[in-house]
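# Structural overview for review
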Amino acid sequence: MAGTPQDTIEELAENFALFDEWEDKYAYIVDLGRRMDALPDAEKGDETKVAGCMSQVWIKPEVTDDAPPRLRFRGDSDAHIVKGLIAILLQIYSDRTADQILSVDPKAMLARLELESHISPNRRNGLVSMIETIRGYAGRLKQKQEA
C-alpha cells in the first residue's frame, strides 16, 4: 500500500467529492463493501466480533513478518453499508505499522470524510467501535514490540 494513512484519507475524500449527493456517496460506500472478499464463517467468532455495533461486524487482524511488523485486516458485516464502512477503514488502516495506525486521528478522519454528519448515530457509534478495535490491535502490537 503506497503512501501514508493520511494519503489514503485524502484520496477517499477526493473520491467522495466526485459525488454531489450523499445518496451517490452511500452507493459508492456500498460498492466498496461489495468488492471486499467475505470473511469465511470459520473466522466469524467472538474473538473477531466487534462489540458496540448494531449490525454483525467482524474484523480479523493478521501480523506480518515485516520489520517492523504490519497489521493486515480483513472484515465483514451482515449490512451492506457497514461492510462498505469496513472497506473504507481497511483501506486506511490495513497493511500499516502500529505507529502508522495510531498516528491517525479518528475524529479528524471522520470529519475529513464527512462521515460523522451523514450516517446515523447508531452507525457512527459502530464505526467508532470498529476504529477502537483496530487501534486496540495496534496498541497491543506496539506493546509487544516494546516488551
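This text goes with the structure placed above it.
Residue positions are given per chain, counted from 1 along the sequence in the order it is written. Residues qualify for local features only when their pLDDT is at least 70, as the model is predicted, and side-chain atom pairs are given and counted only at 80 or more; totals for whole chains, interfaces and linings, by contrast, use all residues. As a rule here, side-chain values cover all heavy atoms of the structure and leave hydrogens and water aside.

### Overview of the overall build of the chain
Definition in use: We count a stretch as a helix when DSSP gives it H or I for four or more residues in a row; a strand needs E for two or more, and each element gets its number in order from the N terminus. In this description the radius of gyration comes from C-alpha coordinates, and the expected globular size is given by 2.2 Å times residues to the power 0.38. For every residue, the accessible area (1.4 Å probe, protein chains only) is compared with the maximum for its type, and the residue is labelled buried under 20%, exposed over 50%, or partly exposed between those bounds. Residue-level accessible areas treat just the shown protein chains as cover; the underlying method is Shrake-Rupley with a 1.4 Å probe. Charge counting treats Lys and Arg as positive and Asp and Glu as negative, with His and both chain ends excluded. Here the site of a charge means NZ on Lys, CZ on Arg, CG on Asp, or CD on Glu.
Broken down by element type, the chain carries 6 helices and 3 strands. Its helices and strands in sequence order give the chain the pattern α-α-β-β-α-β-α-α-α, from N to C terminus. Whereas a compact globule of 147 residues would reach a radius of gyration of roughly 15 Å, the chain reaches 15 Å, a difference of no more than 12%. Within the chain, buried positions represent 44% of all 147 residues. Accessible area for the chain stands at about 7900 Å²; split by element, carbon and sulfur atoms hold 47% of it. Computing the positive centroid from 19 side-chain charges and the negative centroid from 26, the chain places the two 4 Å apart.

### Side note on the nonpolar core
As a reminder of what qualifies: Side-chain atoms within 4.5 Å link the members of a nonpolar core, which is a set of buried Ala, Val, Leu, Ile, Met, Phe, Trp, Tyr and Cys residues. The contact criterion used is simple: two residues touch if any of their non-hydrogen atoms lie within 4.5 Å.
Grouped together as the largest cluster of nonpolar side chains are 42 residues, with contacts concentrated most on Tyr93, Met109, Leu113 and Met130. Elements with a contribution of two residues or more to this core: helix 1 (5–17), helix 2 (22–34), strand 1 (57–63), strand 2 (70–77), helix 3 (80–93), helix 4 (98–103), helix 5 (106–112) and helix 6 (121–146). Examining the composition of this core, we find that 10 residues originate from one element, helix 3, more than from any other. Leaving out residues up to four positions away in the same chain, Tyr93 has contacts with Leu71, Phe73, Ile101, Val104, Met109, Ile131 and Ile134.

### Things to note about the packing of helix 1 against helix 2
The condition that has to hold: Whenever a helix is involved, its axis is fitted only over the stretch in contact; in every case the axis is a line through C-alpha atoms, and angles between N-to-C directions fall within 0 to 180 degrees. In these notes the angle categories are as follows: under 35 degrees is roughly parallel, over 145 is roughly antiparallel, 65 to 115 is roughly perpendicular, and the rest is oblique. Residue type decides the class: Asp, Glu, Lys and Arg count as charged, Ala, Val, Leu, Ile, Met, Phe, Trp, Tyr, Cys and Pro as nonpolar, and the leftover types, Gly among them, as polar.
Look at helix 1 against helix 2: their axes get within 9 Å of each other, and the N-to-C directions meet at 130°. Compared by their axis directions, helix 1 and helix 2 come out oblique. Here helix 1 contributes Leu12, Asn15 and Phe16 to the contact with helix 2, which in turn contributes Lys25, Tyr28 and Ile29. Residue composition of the contact of helix 1 with helix 2, grouped by class: 4 nonpolar, 1 polar and 1 charged.

### Points about unusual backbone geometry
The omega angle of the peptide bond from Ala67 to Pro68 is -5°, so this bond is cis rather than trans. Its place among the elements puts Pro68 in the loop between strand 1 and strand 2. Residues other than glycine seldom take positive phi values, yet Asp95 does so here, at roughly 65°. Even without being a glycine, Glu114 presents a positive backbone phi close to 60°. One can find Glu114 in the loop between helix 5 and helix 6.

### Notes on the packing of aromatic side chains
To be explicit about the condition: Ring pairs shown here join Phe, Tyr and Trp side chains whose ring centres sit within 6.5 Å, with only the six-membered ring taken for Trp; geometry is labelled stacked below 30 degrees between planes, edge-to-face above 60, and tilted in between.
Per the counting criterion, the structure on display carries 5 aromatic pairs. Between Phe19 and Tyr28 the ring centres are 5.4 Å apart and the planes differ by 40°, which places this aromatic pair in the tilted class. Assessed through its relative accessible area of 27%, Phe19 is described here as partly exposed. The class for Tyr28 is buried, based on a relative accessible area of 14%. Taken together, a centroid distance of 5.5 Å and an interplanar angle of 55° make the contact between Trp22 and Tyr26 tilted. With Trp22 and Tyr26 both in helix 2 and 4 residues apart, this pair spans about one turn of that helix. Assessed through its relative accessible area of 13%, Trp22 is described here as buried. On the basis of relative accessibility, which here comes to 23%, the residue Tyr26 falls in the partly exposed class. An aromatic cluster of at least three residues, connected via ring pairs, comprises Phe16, Phe19, Trp22, Tyr26 and Tyr28.

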